[in-house]
Amino acid sequence: MKMNMMKKVLVLGLALGLSACSTKNELGTDASSVLNGAGSIAKPGTVAEFTQIVGDSILFDTNQTGVNESGKLLLQKQYAWLRKYNVTKIQIEGHADERGTRQYNIALGGKRAQSVKNYFASLGYDKAAISTLSYGKERPISLCDNISCWSQNRRAVTAVVGR
Amino acid sequence: MLANKELEIGYLMMLKIRALIYFTLAMLLITAKPALALVEVKIDQGNVDPLVIAVENFSGSNNKEIGLGQNIAAVVMNDLRNSGLFAPLDKSVFLENNRPADQRPNFANWRPTGAKALVSGLVVVEGNGNINAQLRLWDVLSQKQITGVQYTARSKNWRKLAHQISDTIYERLTGERGYFDTRIVYISETGPKNKRVKRLAIMDQDGFNRKYLTRGGDIVLSPRFSPKRQEVTYISYASGQPRVMLINVDTGQREVVGNFAGMSFAPRFSPDGNKVVMSIQNDGNSNIYRLDLRNKNIVQLTNSNALDTSASYSPDGRKIVFESDRSGSQQLFVMGANGGAAQRISVGGGSYSTPVWSPRGDFIAFTKLVGGQFLIGVMKTDGSGERILAGGYHNEGPTWSPNGRVLMFFRETRGAKGGPSIWSVDITGRNERRINSGGFASDPAWSPLGK
C-alpha cells in the first residue's frame, strides 16, 4: 500500500518533467519526511531516494519486537542501498503505537531498534556504526485512532547519519 | 498568638466524618467484584452525604484585607468542595454576615442553614506587606471552637496560605492529613500530535499558578517529585537519547543524572530522596538500576531478558514494585530494594503498567490494559483486592496525593486532534474531576505536602 503510493509519487514526478526536480540532500532523521519530496524525483544515492524509493521504515506486529518477514525483505533492500552508497553510520529509531503506556513504549521502541540493529549486523553491517534510539509513542506518523493507523506507527526508521 | 494552638474539639463531629470515611471504604470492600466484571461497570458512586460546612469571608479592616479575606474563603471553599467530603454552603443562605472578628458566632443563626461546621477568620496585612490570617473553625451543634490557628505568608503566597487553612480544616474534621498545599509537576503539550511540543510545567493542585520549567525545544517526559526536596526527576531527549535528569523547581538548575551508554528512562525517587531508580536499556533489554545521587554509584537491580520498567519504592524503602513482560504480557512484580527474586502480584487478567506504591503503603495504583481500554485501578500490595477507579479509552499514569486518599492521572481523547488532560479520583472511585491545566497536559506527579 505504502509502496504503491510511493510509485505514484514517482510517476507524478516524471510527468512534471525533470525540471521539477529539487531534491534536497539533507540528512533526514524522521520518517515524516517521506512525503515532503512529492512531485520531485529522488536522485540516486540521495537520502530522499532512501526514504522515498527504498523505504526507510519497517513495521512491527502489536507488542512484537522481532523483525517479521516483510521487514527483513525491506531491511535487505536498505542494506544493499547503504552498501552501494557507502553509508558508514546509521541510526535506528524505534517507535510504538499509542496503545501502550509511555514507559513501556519507550522500552518497546528501544527493543525494536535493537532488533533492526541486530539484523543489519547479521547481514554484515558494522554493529559499532549503528546507534539506536527510541521515541516510544511520542512521534506517531499516522494520526487517526484505529488499527490501520496504529500499525503504521509501530515502526523502526533507518536514518543515514554519515558516509 | 493562636498558631497551631488547639483550643477545643467537637469530638462528635470529628467522629462522624471519620465514620463517613470508614463507611466509604467499607462499602468498597462490599462492592468489590472480580476485576473483569468491573471493567464495564462504572464504580459505585455511593450515596455518602458530604458534610455541610459554611465558609465565611475572612474579615478585614480595610479594602485590601477584605478583598484578601474573600479570595481566601473562595480558595478554601473550592478545596473543600473538590475533596468530595464537604458541601460548602452558598453564601446566599447565610443569616449572619459581617460579624466583627472578635465576636463569637450566633449559632442560632447557623443551625438553620444546615451547616455542621463553620469557618471564619480575620486577615491583617502587616507593615512589611506580609499577610497574617487567623482561622477559627466552629462546631455549630456543640457551639464550640474546634480549632484556632494563625498563619503568616508573603502577600504573593496568599493562595498557599489559603490551602494551608484548607488542610487544617480537613485534618481537624477527618482525622486524615490534608493535601491542598501541594503542587503538581506535569507535561504541558501543545502543537499537532506528530510534532507535539512538550514542556515540563508545575501548578498548584487546584490548577492555579501554572508555570513552565523547560522551554519546549526537547521532548521531556515522566516527571516525578522528590519526597524530600524541591526536586523533580524526569527524562529529556536534549542529548538525542532519552536521559534521566534532575531539576530544582525553585532555581531551575538542571543536571543529567542518567549519563549512561544506553538510554535511561522511567525514573523515580527513593523515599529518602537520595536515590533514583530507573530503567537503562542495553542490547534491547530494559533493566532496573538504582543510582545514588550523592556518590553516583549505580547498582543493577534486575537482570532479565525482558522489558523491566516503571520501578516504584514502598514508602519504607524496603521493596520495589515494577512492570515486566518477562512472563509474556506486562505484569506487576515486587522485589526487595536490592533486587533479587521478584514475585508477580497482578493476577486479574489483561496487562498492567505504571505501578505506584501509595505513600501510606497500603495500595499499589496502576494502569490496566484490557478489552481495548486503559483503566486506572488500585490493588493491595500482594495483588489482592483489585479495584478499578476510572475507565475509558485511554487513562494512564496514576500519582498519589501525599495522604494516599486521591489519585491523579491523565486521560487521552481519541483521534488526530485528541490529547491528554489531567483528572483526579478518590481511592473510593468517587469524585472524578478534571483538573484545569489550561491546555493539553499529561504525566502528572503530586508533590509532598507543603512542597
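Rules of the game
- Residues numbered from 1 in each chain as written.
- Chains lettered and ligands numbered in written order.
- Predicted model: local features only at pLDDT ≥ 70, side-chain atom pairs only at ≥ 80, totals over all residues.
- Heavy atoms only, no water.
- 1 Å grid on protein atoms, 1.4 Å probe; cavity = no way out; pocket = protein on both sides within 12 Å on 5 of 7 lines; lining within 4 Å.
- Points joined across faces, edges and corners; volume = space filled by probe spheres on them.
- Nonpolar A, V, L, I, M, F, W, Y, C, P; charged D, E, K, R; others polar.
- Helix = DSSP H or I, 4+ residues; strand = E, 2+ residues; numbered from the N terminus.
- Contact = heavy atoms within 4.5 Å.
- Buried area = accessible area lost by both parts, 1.4 Å probe.
- Salt bridge = Lys/Arg side-chain N within 4 Å of Asp/Glu carboxyl O.
- Polar contact = N/O pair within 3.5 Å; in protein donor to acceptor, adjacent residues only side chain to side chain.
- Expected span 1.5 Å × (residues − 1).
- Buried < 20%, exposed > 50% of the residue type's maximum accessible area, 1.4 Å probe, protein only.
- Arc of directions from axis to C-beta.
- Axes fitted to C-alpha atoms, helices over the stretch in contact; angles between N-to-C directions.
- Parallel < 35°, antiparallel > 145°, perpendicular 65-115°, else oblique.
- Left-handed = near helix turned anticlockwise from the far one by under 90°.
- Domains from an automatic or database assignment.
- Pairing = 2+ DSSP bridges.

Draft legend 1. How the structure looks around empty space enclosed by the protein. Counted according to the given criterion, the structure contains six cavities of 30 Å³ or more. Lining of the largest cavity is provided by 18 residues; of these, E98 and K137 of chain A together with K193, R196 and E412 of chain B occupy positions nearest its centre. Broken down by class, the residue content of the lining of the largest cavity amounts to three nonpolar, four polar and 11 charged. Empty space within the second largest cavity amounts to approximately 100 Å³. As for the second largest cavity, its lining consists of 15 residues, and the residues nearest its centre are Q103 of chain A together with R224, R268, T354 and G397 of chain B. Put simply, the parts of the chain that give the lining of the second largest cavity at least two residues each are α4 (102-123) of chain A together with β9 (220-225), β21 (351-357), β25 (395-400) and β29 (440-446) of chain B.

Draft legend 2. Spotlight on the interface of chain A and chain B. With 25 residues of chain A in contact, the opposing surface of chain B contributes 47 residues. Three residues, R99, R102 and Q103 of chain A, lead the burial of chain A against chain B; their summed loss comes to 24% of the area buried on that side. Viewed at the interface, chain B and chain A are joined by four salt bridges. Notably, a salt bridge pairs D443 of chain B with R102 of chain A, separated by 2.8 Å at the nearest N-O pair. Between chain A and chain B we count 16 residue pairs in polar contact (both at pLDDT 80 or more) in total. Among the elements of the structure, α4 and β3 (130-136) of chain A are those that each provide at least two residues to the side of chain A that touches chain B. A per-element tally of the side of chain A that touches chain B places α4 of chain A first, with nine residues.

Draft legend 3. Structural detail: helix α3 (residues 69-84) of chain A. Residue and element names in this part refer to chain A. Taking 1.5 Å per residue, 16 residues should reach 22 Å; α3 reaches 23 Å between its end C-alpha atoms and fits that length. Regarding α3, the residues found buried are G71, L74, L75, Q78, Y79, W81 and L82. Along the axis of α3, the buried residues cluster in a sector spanning 165°; they form a single face. Facing away from the buried side of α3 by more than 90 degrees, the exposed set consists of E69, L73, K77 and K84. Taken together, the buried residues of α3 touch α2 (47-55), β1 (57-59), β2 (89-95), α4 and β4 (155-162).

Draft legend 4. Geometry of the pattern of salt bridges. Residue and element names in this part refer to chain B. Inspection of every chain in the model, using the stated rule, returns 23 salt bridges over all chains. Where R99 meets E56, a salt bridge forms, and the shortest distance between an N and an O atom there is 3.0 Å. Pair noted here: R99 is in the loop between β2 (86-88) and α4 (107-110) and E56 is in the loop between β1 (51-55) and α3 (63-82), with a separation of 43 residues, a long-range link. Just as R99 is buried, E56 falls in that class too.

Draft legend 5. Broad picture of the layout of surface pockets. Residue and element names in this part refer to chain B. Of the voids in this model, the largest pocket is the one considered here, and its volume is about 740 Å³. In this structure, the largest pocket is lined by 31 residues; those nearest its centre are P227, W357, P359, P402 and W446. Listing elements by their share of the lining of the largest pocket, those giving two or more residues are β9, β13 (264-269), β17 (308-313), β21, β25 and β29. Here the residues of the lining of the largest pocket sort into 15 nonpolar, 10 polar and six charged.

Draft legend 6. View of the packing of α3 of chain A against α4 of chain A. Residue and element names in this part refer to chain A. Where α3 contacts α4, the two axes come as close as 10 Å, and the packing angle between them is 60°. By the angle class used here, α3 and α4 are oblique. Handedness of the α3/α4 crossing: right-handed. For the pair α3 and α4, the contacting residues are K72, L75, Q76, Q78, Y79 and L82 in the first and V116, Y119, F120 and L123 in the second. Each residue belonging to the contact of α3 with α4 can be placed in one class, and the counts come to seven nonpolar, two polar and one charged.

Draft legend 7. Inspection of the domain arrangement of chain B at higher detail. All names here are of chain B. Considered domain by domain, chain B is made up of domain 1 (51-174) and domain 2 (183-446). Between the C-alpha centres of domain 1 and domain 2 the distance comes to 36 Å. Between domain 1 and domain 2, the contact holds nine residues from the first and 11 residues from the second. Interface area for domain 1 against domain 2, summed over the two sides, is near 760 Å², with a carbon-plus-sulfur share of 32%. The tally of links between domain 1 and domain 2 comes to one salt bridge. Linking R159 and D206 is a salt bridge whose minimum nitrogen-to-oxygen distance equals 2.9 Å. Where domain 1 packs against domain 2, one counts six residue pairs in polar contact (both at pLDDT 80 or more). Counting only elements with at least two residues in the side of domain 1 that touches domain 2, the list comes to α3 and α5 (158-174). A class-by-class count of the residues in the side of domain 1 that touches domain 2 yields two nonpolar, five polar and two charged.

Draft legend 8. Structural detail: the pairing of strand β20 (residues 339-344) of chain B. Residue and element names in this part refer to chain B. Pairing analysis gives three bridges linking strand β19 (residues 331-336) to β20, with the strands arranged antiparallel. Its bridge partner being in β20, F333 is matched across the sheet by R344. Here β19 hands over to β20 after two residues, the two strands then running antiparallel side by side.

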